[in-house]
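Chain residues, written in single-letter form:
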There are 2 protein chains.
Amino acid sequence: MTQARAEPGNLIDGKAIARRLTDRVKIEVEALREKTGQLPGLAVVLVGNDPASEVYVRNKALQTHRAGMRSFMHMLPETTPQDELLGLIARLNGDPQIHGILVQLPLPKQIDPAVVTNAIVPHKDVDGLGEVNAGRLSLGIPGLVPCTPLGCLILLRETLPQMRGLHAVVIGASNLVGKPMAQLLLREGCTVSIAHIDTRDPAGLAREGDILVVATGRSGLVRGDWIRPGATVIDVGITRVPTHDGKTKLVGDVVFEEARQVAAHITPVPGGVGPMTIACLLHNTLQAARLTLDPQGGLA
Amino acid sequence: MTQARAEPGNLIDGKAIARRLTDRVKIEVEALREKTGQLPGLAVVLVGNDPASEVYVRNKALQTHRAGMRSFMHMLPETTPQDELLGLIARLNGDPQIHGILVQLPLPKQIDPAVVTNAIVPHKDVDGLGEVNAGRLSLGIPGLVPCTPLGCLILLRETLPQMRGLHAVVIGASNLVGKPMAQLLLREGCTVSIAHIDTRDPAGLAREGDILVVATGRSGLVRGDWIRPGATVIDVGITRVPTHDGKTKLVGDVVFEEARQVAAHITPVPGGVGPMTIACLLHNTLQAARLTLDPQGGLA
């Protein structure tokens, strides 16, 4: 095993790739408007006052608006009963101006997120977290794919000329990232391994990966010696940690300075996967609008 | 690596395990009848005259009947239009005597199997092949699980005291077996790897498996040196091949006489996975009936 010293060129520039995707969405939104006279519309629903969630939904709404789409925000109090939220979703399901519905997670205790997610009609489920879209992804039927793993896939496609036959190792088996990521990689023709909290030798398995996707939320879990020389590393984790000078910084699940010595390509944190998630939300909203407004146009 | 010579005791007796499962279903069917006054009912639909399919559906119908349930067979001509089949499924969806609907595959060319499978209401989809049940399996929500991988899981549970942390390797990534099998193994806490036609070194990956599930339909693919000493091997393949004396016999995807020298536990073909598939269909039909007739009773 030769440990080729990585060049700075090995960074996967998520910001730039997300900007290109967003620009393409904008152009296609305008084309859809010219063709059908209609604009895609996204409804974002926030329940409660979690400050991080407030930042996320404001950002999503703003980006949607900037991409030329209609953007609707529904902000409900922490005490909202589940039935009231389901009533709102039913109205949004039936609203012809709305093509995508996103309910920001986490939800307050009195609300079952699975019930809420599955109440969104599948063709407006732009987060791709409902059971119908999860099933379509598993079965290889076109559907709406969760934004973060879709963003990771686009980063990989932009980085690797082809993925068929590569061994992809996914660390983390969540419904939000790890599991749909594994399905997407399988669809690309990768051999796929999934590791998680119960995996006995995650480092050994990770070293088998031509592609390594890490989504555990445990900052600094993946050290340089977990990386196969020449691998492509996608770091989904994002955690705010204190620095020596009393400030804070964002770090990933991968020890970046070690990993970049070994990997051929690696996403930085921040500026890697993060920007892709919101760009993919815009992409999914456009796809969802096309399903209704221009079904013959097909999915891009 | 020590190559412990296997004892004959290492056979996984699918016939006996399937019989025990079927017996348990019978008892529970009777208990459900006593509690609710109703019997589970399974409708099996065959389109066309494929001789193998005719044998399968007759056998399914007969076993259902023997388990004390109502059994309905619908045999339609090869030329049946898709709309006519969808009309039948709509009637079965609405029929209170029917709790499970199974459409035998393959279907004639004029019929899209995905459309037909997804036309079955999810709570009657006893084959577990529709997108809602596939999504539930992926997301870890209770649902109806495809019969063959469910049968493999039960064989593994009967054989291994616990699976958490074991590395399970699945060879074959079909919607019918490989993909749902991977989901089930993940749910058991296994580290899971999925190999398929594009996998570069399937033998090397297979040798990593504490559990090896093979479902490729390629008889004799997996040789003895693909097996990790002490592994548990589940062979889903079943192919009829000619013998030297001019007759035929059924063989699996694994070269049995080689593999049993290395594996700690292995399913024979026939008599391994095969009998479990139909037992799991009965099990699923009972579960589906309970969902409607005795929802408080919960799933076994």
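Residues numbered from 1 in each chain as written. Chains lettered and ligands numbered in written order. Predicted model: local features only at pLDDT ≥ 70, side-chain atom pairs only at ≥ 80, totals over all residues. Heavy atoms only, no water.

The name recorded for chain A in an unreviewed UniProt entry is Bifunctional protein FolD, from Brytella acorum. The Function (unreviewed entry) field of the UniProt record for chain A holds the comment "Catalyzes the oxidation of 5,10-methylenetetrahydrofolate to 5,10-methenyltetrahydrofolate and then the hydrolysis of 5,10-methenyltetrahydrofolate to 10-formyltetrahydrofolate." Listed under Pathway (unreviewed entry) in UniProt, the entry text for chain A is "One-carbon metabolism; tetrahydrofolate interconversion." (UniProt positions renumbered as here; feature names shortened; annotations may be inferred.)

(A) Expanded view of the overall build of chain A. Per the secondary structure count, chain A includes ten helices and ten strands. Here chain A has a C-alpha radius of gyration of 20 Å; the compact-globule value for 300 residues is 19 Å, and the two agree. With the C-alpha coordinates aligned to their principal axes, the bounding extent of chain A is approximately 60 × 45 × 35 Å. Out of the 300 residues belonging to chain A, those deemed buried represent 53%. A separation of at least 24 residues holds for 68% of the contacts in chain A among residues at least 6 apart in sequence. Accessible area of chain A: about 13200 Å², with a carbon and sulfur share of 54%. Of the side chains in chain A, 30 bear a positive and 29 a negative charge, and the two mean positions are spaced by 3 Å. (Helix = DSSP H or I, 4+ residues; strand = E, 2+ residues; numbered from the N terminus. Rg over C-alpha atoms; globule rule 2.2 N^0.38 Å. Buried < 20%, exposed > 50% of the residue type's maximum accessible area, 1.4 Å probe, protein only. Contact = heavy atoms within 4.5 Å. Areas by Shrake-Rupley, 256 points an atom, 1.4 Å probe, with all protein chains shown as cover. Lys, Arg positive; Asp, Glu negative; His and termini not counted. Charge placed at Lys NZ, Arg CZ, Asp CG, Glu CD.)

(B) Summary view of the interface of chain A and chain B. Between chain A and chain B, the contact holds 34 residues from the first and 34 residues from the second. Taken together, both faces of the contact between chain A and chain B bury some 2600 Å²; the carbon and sulfur share is 52%. Across the contact surface, chain A and chain B share four salt bridges. Residue Glu 131 of chain B is joined to Arg 136 of chain A by a salt bridge in which the shortest nitrogen-to-oxygen separation is 3.0 Å. Of all the secondary-structure elements, those providing two or more residues to the side of chain A that touches chain B are α5 (131–139), α7 (178–187) and β5 (191–195) of chain A. For the side of chain A that touches chain B, the element with the highest residue contribution is α5 of chain A, accounting for seven residues. Tallied by class, residues from the side of chain A that touches chain B come to 13 nonpolar, 15 polar and six charged. (Buried area = accessible area lost by both parts, 1.4 Å probe. Salt bridge = Lys/Arg side-chain N within 4 Å of Asp/Glu carboxyl O. Nonpolar A, V, L, I, M, F, W, Y, C, P; charged D, E, K, R; others polar.)

(C) Representation of the pattern of salt bridges within the structure. Scanning the entire structure with this criterion turns up 18 salt bridges over all chains. A salt bridge links Glu 30 of chain A to Arg 33 of chain A, with the nearest nitrogen and oxygen atoms 2.7 Å apart. With Glu 30 of chain A and Arg 33 of chain A both in helix α1 (residues 14–36), this residue pair falls three residues apart, about one helical turn. Look at Glu 30 of chain A and you get partly exposed, because its relative accessible area is 34%. Here Arg 33 of chain A falls in the partly exposed class, since its relative accessible area comes to 34%. One salt bridge connects Lys 35 of chain B with Asp 294 of chain B, and the closest N-O pair in it is separated by 3.2 Å. Remark: Asp 294 of chain B occurs in the segment after α10 (273–293) and Lys 35 of chain B occurs in helix α1 (residues 14–36); sequence separation between them is 259 residues. Asp 294 of chain B sits in the buried class, given a relative accessible area of 12%.

(D) The domain arrangement of chain A, seen in detail. According to the domain assignment, chain A contains domain 1 (37–121) and domain 2 (146–275). On a C-alpha basis, the centroid separation for the pair domain 1 of chain A and domain 2 of chain A is 29 Å. (Domains from an automatic or database assignment.)

(E) View of the relation of the copies chain A and chain B. The transform that puts chain A on chain B rotates by 180° and translates by 0.0 Å along the axis, for an RMSD of 0.0 Å. What the superposition gives is, in effect, a two-fold axis relating one chain to the other. Looking at chain A, 100% of its interface residues are interface residues in chain B too, so the copies touch through the same face. (Least-squares fit on C-alpha atoms with pLDDT ≥ 70 in both.)

(F) Local environment of the confidence of the model for chain A. Residue and element names in this part refer to chain A. Predicted confidence across chain A gives a mean pLDDT of 95, with 96% of residues reaching 70 or more. Within the model, pLDDT remains below 50 along residues 1–6, and this stretch shows nine contacts once partners closer than five positions in the same chain are excluded. Here the complex is predicted with pTM 0.95, and the ipTM for its interfaces comes to 0.93. (pLDDT = per-residue confidence, 0-100.)

(G) Main features of the UniProt feature "binding site: NADP(+)" (unreviewed entry) in chain A. Residues and elements named next belong to chain A. Under the feature "binding site: NADP(+)" (unreviewed entry), the UniProt entry names Gly 172, Ala 173, Ser 174, Ile 197 and Ile 238. The residue Gly 172 is located in the loop between β4 (167–171) and α7 in this model. Accessibility expressed as a relative area gives 8% for Gly 172, which makes it buried. Within the secondary structure layout, Ile 238 lies in the loop between β7 (232–235) and β8 (239–242). Here Ile 238 is in contact with Leu 250, Val 251 and Val 269, once residues within four sequence places are set aside.

(H) Layout of the UniProt feature "domain: Tetrahydrofolate dehydrogenase/cyclohydrolase NAD(P)-binding" (unreviewed entry) in chain A. Within the UniProt annotation, "domain: Tetrahydrofolate dehydrogenase/cyclohydrolase NAD(P)-binding" (unreviewed entry) is assigned to residues 146–290 of chain A. Secondary structure across residues 146–290 of chain A comprises 34% helix and 19% strand; the distance between its end C-alpha atoms is 17 Å.

(I) A look at α5 of chain A. Across the nine residues of α5 of chain A, eight count as buried, placing the element largely inside the fold. Looking only at α5 of chain A, the buried set comprises Glu 131, Val 132, Asn 133, Ala 134, Gly 135, Leu 137, Ser 138 and Leu 139 of chain A. Lining the buried residues of α5 of chain A we find α4 (113–119) and α7 of chain A together with α5 (131–139) and α7 (178–187) of chain B. Within two residues after α5 of chain A, Gly 140 of chain A carries a phi angle of roughly 80°, on the positive side.

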